[in-house]
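Here is what each chain is made of, one letter per residue.
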Amino acid sequence: MVYEKHDVIVIGAGHAGCEAALACARLGLSTLIFTMSVDNIAMMPCNPNIGGTSKGHLVREVDALGGEMGRNIDRTFIQSRMLNTSKGPAVQSLRAQADKKDYSASMRKVLESTEGLTIRQDEVTEILVEYCSDNHGIKDSENSSELVENSVDNTVDNHVYNDVDNMQIITGVRTVSGNTYPARAVILCTGVYLDSRCIYGEVSVPSGPSGLPRSTHLSDSLRALGLPVRRFKTGTPARIAKSSIDFSKMEEQQGDEHVVPFSFENVGKDMDKDQESCWLTYTNLETHKIIRDNIDRSPLYNGRIEGVGPRYCPSIEDKVMRFAEKERHQVFIEPEGRYTEEMYISGMSSSLPEDVQYAMYRSVPGLENAVIVRNAYAIEYDCIDALCLKHTLECKDIKGFYSAGQANGSSGYEEAAAQGLIAGINAALSLLGKEPLVLDRSDAYIGVLIDDLVTKSTPEPYRMMTSRAEYRLLLRQDNADLRLADYGHRVGLLSDERYEDVCYKRSLIASEIERVKTVGVSSSKEVSDFLSGFNSTPVSDGAILFDLIKRPELSYESLAPLDPERPDIRPDIAAQINIEIKYEGYINRQKIQVAAFKKLEEKMIPPTLDYDLVPSLRIEARQKLKAIRPASIGQASRISGVSPADVSILLIYLGRGSN
Ligand SMILES: Cc1cc2nc3c(=O)[nH]c(=O)nc-3n(C[C@H](O)[C@H](O)[C@H](O)COP(=O)(O)OP(=O)(O)OC[C@H]3O[C@@H](n4cnc5c(N)ncnc54)[C@H](O)[C@@H]3O)c2cc1C
C-alpha cells in the first residue's frame with residue numbers, strides 16, 4: 001500500500017539525518033524522514049557536547065554551508081569554551097556543552113517547522129531498487145542476488161562491486177508494516193541502530209542506545225543489494241547522580257566569560273548567559289588495579305564484543321591496558337543538562353560488569369559515594385564500508401542511494417552532521433539536475449572526512465582530528481565562512497543576506513591588508529613608548545604597520561591607536577586580518593602545496609576505464625583501482641596499495657603523461 005510519495009526519503013533523524021532532511025526540504029524537495037523514535041530526534045546518546053578540536057571546525061563548516069547544527073547548539077548550550085587559545089589558530093576550536101533534551105527538542109521544532117518536510121516514526125526494513133542495464137532496460141527488483149552473481153569480478157576484501165553497466169536505481173523503501181514509500185532518492189542515516197547490541201559484563205541486550213528499539217531488518221537488505229556491511233563498536237560511560245558527587249575534590253572548569261557563537265549568523269550577538277560548570281578529576285592506581293584485576297570479565301577482552309572500536313576514543317579498560325605506565329587518566333564530569341541530575345563521566349567509558357563499574361567509579365576522587373543512574377555500556381552495530389560511495393556520498397552501484405554518518409563508519413555527532421549535509425545537498429542537486437557539491441581536502445575538514453572514508457576506508461569508527469588535515473592552517477574554524485559561503489550560496493542553502501555579509505567581510509579583509517602595507521609608523525617618542533608598553537622594540541627609522549603586526553607581541557587589534565585612518569572593523573574581521581598578516585608566510589606556502597594537490601585532483605579518470613587494459617600496473621594496485629574506481633588521479637594516489645609508480649603509469653596511459 002502506498003500512502004505517501006516523496007522526492008527524498010531520509011532513514012534516521014540523528015545528527016546526519018536531520019541535516020540531510022533539512023537540506024533537501026530547504027532546497028524545495030518533498031522530504032520524508034523516518035526515525036525509530038520521534039521523541040529522540042537529534043539525540044546525544046554519548047558525550048553531552050558539540051565541538052572540540054577539529055569537531056568544532058566541522059560544525060563551523062556545516063554552518064557556513066547553511067546547515068543547522070551550529071545554530072542549534074547556539075540555542076541550547078549550557079557552557080561554552082574556546083579550546084587551545086594558547087596555541088595557533090589552526091587548532092583553536094570551540095566546544096559547547098549542550099542541554100541534551102533542549103538540543104533534541106530544538107532540532108525537532110526546526111524539522112517540524114520546515115516546509116516540505118514530513119516526520120514519521122516507523123522502522124524501515126528494506127531498500128527498494130530497480131535494475132537497468134544499458135542494453136537491457138529495466139529489470140525487476142525481486143531477484144537482486146541474481147544480478148550480483150552476474151557482475152564482472154571486481155573483488156576487494158571478497159566484496160563484489162557491480163560494473164557500471166549494471167546499475168541499480170533507487171525506487172523507495174518498505175517499512176515493518178509492509179508499506180512501501182516511493183522516492184527518487186534515499187539517504188541512509190541509521191547511526192548505531194542496525195542490528196545493534198548493548199553489552200556490559202555478562203549482560204548483552206539486542207537494543208539501540210539508551211534502551212531504544214534497534215533496527216532489525218535493514219542490514220540484510222543492504223547485504224542483499226551487495227553493499228559491504230561490517231560490525232563496529234563504540235562505548236559510553238556511566239551517568240552518575242550529581243548529588244552523590246563531592247565536587248570539593250575536583251577542579252572546576254567554567255565556561256568562557258564572553259561566548260563565541262558556533263553559527264556565523266550569531267557573530268556579534270550577545271550570547272552570554274549563566275553557564276554550568278564541568279569538573280576535572282583523575283583515575284588513580286587503585287582504579288587501574290580494579291580494572292586489571294577484572295579485565296577477564298571485560299567483554300572487550302574476553303571476546304564477547306565482536307565489533308571494532310575507536311582507537312582515538314578508547315574505553316577506560318583500553319587506556320589502562322594500553323598505557324600501563326600512566327599513573328592517572330583525566331576524568332571530566334559534565335552536566336547532561338539543566339533538566340536532570342545526571343552527570344556524564346567523560347574519559348571512563350566502559351563495558352565492565354556492574355559491580356566492577358561501581359568499584360572503579362568509586363575509586364575516583366570525588367566519586368567515592370557515586371550513585372550510578374545508568375550503567376556504562378558498549379554498543380555493537382552494523383555499518384557500511386564507505387569505499388562503495390562517491391565523494392557525493394552517493395552509492396557507486398545504486399543510483400539515488402546515499403549514505404551518511406555513523407552508518408559510513410565514522411563516529412561523532414559532528415562527523416555525522418557534516419556527512420548528512422553533503423548527502424542531502426547532493427541528493428537534492430541531483431534531482432534538480434544541478435552540478436554536485438564535492439569539497440576536496442583543501443576546501444574543508446568535511447572534504448578530508450569524506451575523502452578519507454571513500455578513498456582509504458577506515459578499520460574502526462573514524463573520528464576527525466586536526467592531524468588528518470594536511471592543509472589545516474588554511475582550514476581554520478575561524479574562516480569557515482570565507483572558505484565555504486560560495487558553495488553554500490551556490491547550492492541555495494545559504495541566504496543572500498549571510499552571503500553578502502561574507503562578501504563584505506572578504507573584501508574588507510583584502511583591502512585592509514593592502515591598506516596597512518601603506519601605513520607608515522613614525523619613530524617618534526610616543527610610538528616608542530606605545531611599543532615598549534608591549535615590550536616591543538622601538539622603530540628607529542619608522543616602520544610599516546603591516547610589518548609591526550607581524551611581531552608576536554603585537555597584533556592588528558593592539559596597533560589600532562597607531563592607525564588613525566582605520567575604518568570601523570568588526571572584531572571577527574579584525575581577527576581574520578591579524579591571522580592573515582601574522583601567518584602570511586605559512587599560508588602562502590600552504591597555498592603552493594594546495595595548487596600542486598589541485599593539479600592531480602583535476603586530472604579526472606573516466607568512470608568506465610578498464611584497468612585490465614592498463615599495462616604494467618601492479619596486481620594489488622589494479623585490484624584496488626578496479627574496486628574503488630577513483631574519480632581522479634589525486635584520489636588514486638591516496639588509495640593504499642597504489643604506488644607513485646602506478647600513478648605515473650596511469651597518467652601515461654591516460655595520455656597526460658607524467659610530465
Ligand atoms: C553508546 C554510544 C557511545 C558513543 N560514543 C561515542 C564517542 O565516544 N565519541 C563519538 O564521537 N561518538 C560516540 N557515539 C556516537 C554518536 O552518538 C554518533 O556518532 C552520532 O549520534 C551519529 O549520528 P547519526 O546521525 O549517524 O546516527 P544516530 O544519531 O545514531 O541516529 C540514527 C537515527 O536513525 C534511526 N534509525 C536507525 N535505523 C532505522 C530504521 N531501520 N528505520 C527508521 N529509522 C532508523 C534512529 O531512530 C535515529 O533517529 C556514541 C554513540 C553511542 C550510542
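Trainee: Tell me about the site of the ligand, and please be specific about residues and values.
Mentor: His15, Ala16, Val124, Gln406 and Gly412 are the nearest of the 35 residues found near the ligand. A distance of 2.9 Å separates an oxygen atom of the ligand from a polar atom in the backbone of Met36. Separating an oxygen atom of the ligand from a side-chain N or O atom of Lys55 is a distance of 3.3 Å. Notes on the ligand: free accessible area 980 Å², of which the protein chains cover 97%. Secondary-structure elements contributing two or more residues to the shell around the ligand are helix H1 (15-26), strand E2 (31-35), strand E16 (229-236), strand E23 (377-384) and helix H10 (413-431).

Trainee: Got a sec to walk through the packing of aromatic side chains? Specific residues and values, please.
Mentor: Summed over the entire model, instances satisfying the criterion amount to five aromatic pairs. Ring geometry for Phe34 versus Tyr181: centroids 5.1 Å apart, planes at 85°, classification edge-to-face. Of this pair, Phe34 sits in strand E2 while Tyr181 sits in strand E12 (residues 180-182), and the two are 147 residues apart along the sequence. Pair check on accessibility: Phe34 and Tyr181 agree, each one buried. An angle of 45° between the planes, with centres 6.3 Å apart, marks the rings of Tyr583 and Tyr586 as tilted. Seen from the ring of Phe77, Lys273 lies directly overhead, with NZ or CZ sitting 4.1 Å from the centre.

Trainee: Lay out the side chain of Asp443 with the relevant residues and their values.
Mentor: Along the chain, the position of Asp443 falls in the loop between H10 and helix H11 (445-456). Within the local environment of Asp443, its side chain forms a polar contact with the side chain of Tyr487, the two groups lying 3.3 Å apart. Setting aside chain neighbours within four positions, we find Asp443 in contact with Val438, Leu475, Arg483, Leu484, Tyr487 and Lys598.

Trainee: Quick one: what's the story with the sheet that holds strand E22 (residues 372-374), residue by residue and with numbers?
Mentor: Spatially, E18-E19-E20-E21-E17-E22 is the arrangement adopted by the six strands of the open sheet, whose pairing is antiparallel. The two strands at the open ends of the sheet, each matched to only one other strand, are strand E18 (251-253) and E22. On average, each strand axis in the sheet is inclined to that of its neighbour by 35°, with strand direction left out of account.

Trainee: Provide a residue-level description of helix H4 (residues 100-112), including the pertinent values.
Mentor: Note: α-helices contain 3.6 residues per turn, so residues at a spacing of three or four share the same orientation. Taking 1.5 Å of rise per residue, 13 residues should cover 18 Å, and H4 covers 18 Å from first to last C-alpha, within 8% of that figure. Along H4, the positions that sit buried rather than exposed are Lys100, Tyr103, Ser104, Ser106, Met107, Val110 and Leu111. Along H4, the residues classed as buried sweep out an arc of 165° about the axis, all on the same side.

Trainee: How would you explain the pattern of salt bridges if you had to name every residue and give the values?
Mentor: Within the structure shown, the criterion is met by 54 salt bridges. Note that Asp355 and Arg297 form a salt bridge whose closest N and O atoms lie 3.0 Å from each other. Of this pair, Asp355 sits in helix H9 (residues 354-361) while Arg297 sits in the loop between helix H7 (285-293) and helix H8 (316-322), and the two are 58 residues apart along the sequence. Judged by its relative accessible area of 25%, Arg297 falls in the partly exposed class. Residue Arg570 is joined to Asp572 by a salt bridge in which the shortest nitrogen-to-oxygen separation is 2.9 Å. Overall, Arg570 belongs to the partly exposed group, its relative accessible area being 30%.

Trainee: Any details on the environment of Ala185? Residues and values, ideally.
Mentor: Residue placement: Ala185 occurs in strand E13 (residues 185-188). Setting aside residues no more than four positions away along its own chain, Ala185 makes contact with Asp7, Val8, Ile9, Ile170, Gly400, Tyr402, Ala427 and Leu431.

Trainee: Any chance you could break down empty space enclosed by the protein for me, citing the residues and the numbers?
Mentor: Evaluated as defined, the whole model comprises one cavity of 30 Å³ or more. In this structure, the largest cavity encloses a volume near 30 Å³. Around the largest cavity sit His391, Ile422, Val438, Leu439, Ile446, Gly447 and Ile450, which together line it. When the residues that make up the lining of the largest cavity are grouped by side-chain class, the tally is five nonpolar, two polar and no charged.

Trainee: Quick rundown of the side chain of Gln477? Include the residues and the values.
Mentor: Within the element layout of this structure, Gln477 appears in the loop between H11 and helix H12 (480-491). Relative accessible area serves as the criterion here: at 4%, Gln477 is assigned to the buried category. Excluding anything up to four places from it in sequence, Gln477 contacts His57, Arg60, Met82, Gln92, Ser93, Leu94 and Phe264.

Trainee: I'd like to hear about the domain arrangement of the protein chain, residue by residue, with values.
Mentor: Domain assignment breaks the protein chain into domain 1 (6-194 + 391-491), domain 2 (236-378), domain 3 (496-589) and domain 4 (603-655). Centre-to-centre separation of domain 2 and domain 3, based on C-alpha positions: 43 Å.

Trainee: How would you sum up the environment of Arg230? Please name residues and give values.
Mentor: Following the sequence through the fold, Arg230 ends up in strand E16. Taking the C-alpha atoms as reference points, Arg230 and Asn408, separated by 178 residues in sequence, lie 10.0 Å from one another. If sequence neighbours within four positions are ignored, Arg230 has contacts with Tyr381, Asp382, Cys383, Ile384, Asp385, Ser457 and Thr458. A polar atom in the side chain of Arg230 sits 3.0 Å from the backbone oxygen of Thr458.

Trainee: Before we move on, could you go through the packing of helix H2 (residues 55-64) against helix H3 (residues 69-76) and cite the residues and values that matter?
Mentor: Axis separation between H2 and H3 bottoms out at 7 Å; the angle between their running directions is 115°. As far as their axial angle goes, H3 and H2 are roughly perpendicular. Packed against H2, whose contacting residues are Val59, Val62 and Asp63, the element H3 presents Met69, Gly70 and Arg71 at the interface. In terms of residue class, the contact of H2 with H3 is made up of three nonpolar, one polar and two charged.

Trainee: Account for the pairing of strand E14 (residues 197-200), naming residues and giving values.
Mentor: The two faces of a sheet get side chains in turn, since along a regular strand they alternate between them. Two elements, E14 and E23, share three bridges in a ladder whose sense is antiparallel. Its bridge partner being in E23, Ile199 is matched across the sheet by Ala378. Bridging between E14 and strand E15 (residues 203-205) involves three bridges; their strand directions are antiparallel. Within the sheet, the bridge partner assigned to Tyr200 lies in E15 and is Val203. Joining the antiparallel neighbours E14 and E15 is a turn of two residues, in which Gly201 adopts a positive phi near 55°.

Trainee: Give a description of the nonpolar core that names residues and reports values.
Mentor: Of all hydrophobic cores here, the largest spans 103 residues; its most connected members are Ile127, Ile187, Phe401 and Ile446. At eleven residues, H10 tops the list of elements feeding residues into this core. If you count residues domain by domain, this core takes at least three from each of domain 1 (6-194 + 391-491) and domain 2 (236-378). Ignoring sequence-local partners within four residues, the contact set of Ile187 consists of Val8, Ile9, Val10, Ile11, Ala20, Cys24, Tyr402, Ala423, Gly424 and Ala427.

Trainee: Which residues make up the sheet that holds strand E4 (residues 77-83), and what values do they have?
Mentor: Strands in a sheet are paired, the pairing made by backbone hydrogen bonds, and the direction either parallel or antiparallel. Taken in spatial order, the three strands make up an open sheet running E3-E5-E4, and their pairing is antiparallel. Looking at the sheet topology across the chains shown, the edges are occupied by strand E3 (49-51) and E4. Put simply, the sheet's adjacent strands are angled 20° from each other on average, direction ignored.

Trainee: Provide a residue-level description of helix H17 (residues 584-601), including the pertinent values.
Mentor: With 18 residues, H17 extends 25 Å from end C-alpha to end C-alpha; this agrees with the ideal 26 Å at 1.5 Å per step. Restricting attention to buried positions, one finds in H17 the residues Ile587, Gln590, Val594, Phe597 and Glu601. Seen along its axis, H17 keeps its buried residues to an arc of 75°; they face one direction. Turned more than 90 degrees off the buried face of H17, the exposed positions are Arg589, Ile592 and Lys599. If you follow the buried residues of H17, they end up packed against helix H16 (571-582) and helix H19 (633-637).

Criteria and cut-off values
Residues numbered from 1 in each chain as written. Predicted model: local features only at pLDDT ≥ 70, side-chain atom pairs only at ≥ 80, totals over all residues. Heavy atoms only, no water. Near = heavy atom within 4 Å. Polar contact = N/O pair within 3.5 Å; in protein donor to acceptor, adjacent residues only side chain to side chain. Areas by Shrake-Rupley, 256 points an atom, 1.4 Å probe, with all protein chains shown as cover. Helix = DSSP H or I, 4+ residues; strand = E, 2+ residues; numbered from the N terminus. Phe/Tyr/Trp six-rings, centres within 6.5 Å; stacked < 30°, edge-to-face > 60°. Buried < 20%, exposed > 50% of the residue type's maximum accessible area, 1.4 Å probe, protein only. Lys NZ or Arg CZ within 6 Å of the ring centre and 35° of its normal. Contact = heavy atoms within 4.5 Å. Pairing = 2+ DSSP bridges. Axes fitted to C-alpha atoms, helices over the stretch in contact; angles between N-to-C directions. Expected span 1.5 Å × (residues − 1). Arc of directions from axis to C-beta. Salt bridge = Lys/Arg side-chain N within 4 Å of Asp/Glu carboxyl O. 1 Å grid on protein atoms, 1.4 Å probe; cavity = no way out; pocket = protein on both sides within 12 Å on 5 of 7 lines; lining within 4 Å. Points joined across faces, edges and corners; volume = space filled by probe spheres on them. Nonpolar A, V, L, I, M, F, W, Y, C, P; charged D, E, K, R; others polar. Domains from an automatic or database assignment. Parallel < 35°, antiparallel > 145°, perpendicular 65-115°, else oblique. Core = buried A, V, L, I, M, F, W, Y, C linked by side-chain atoms within 4.5 Å.

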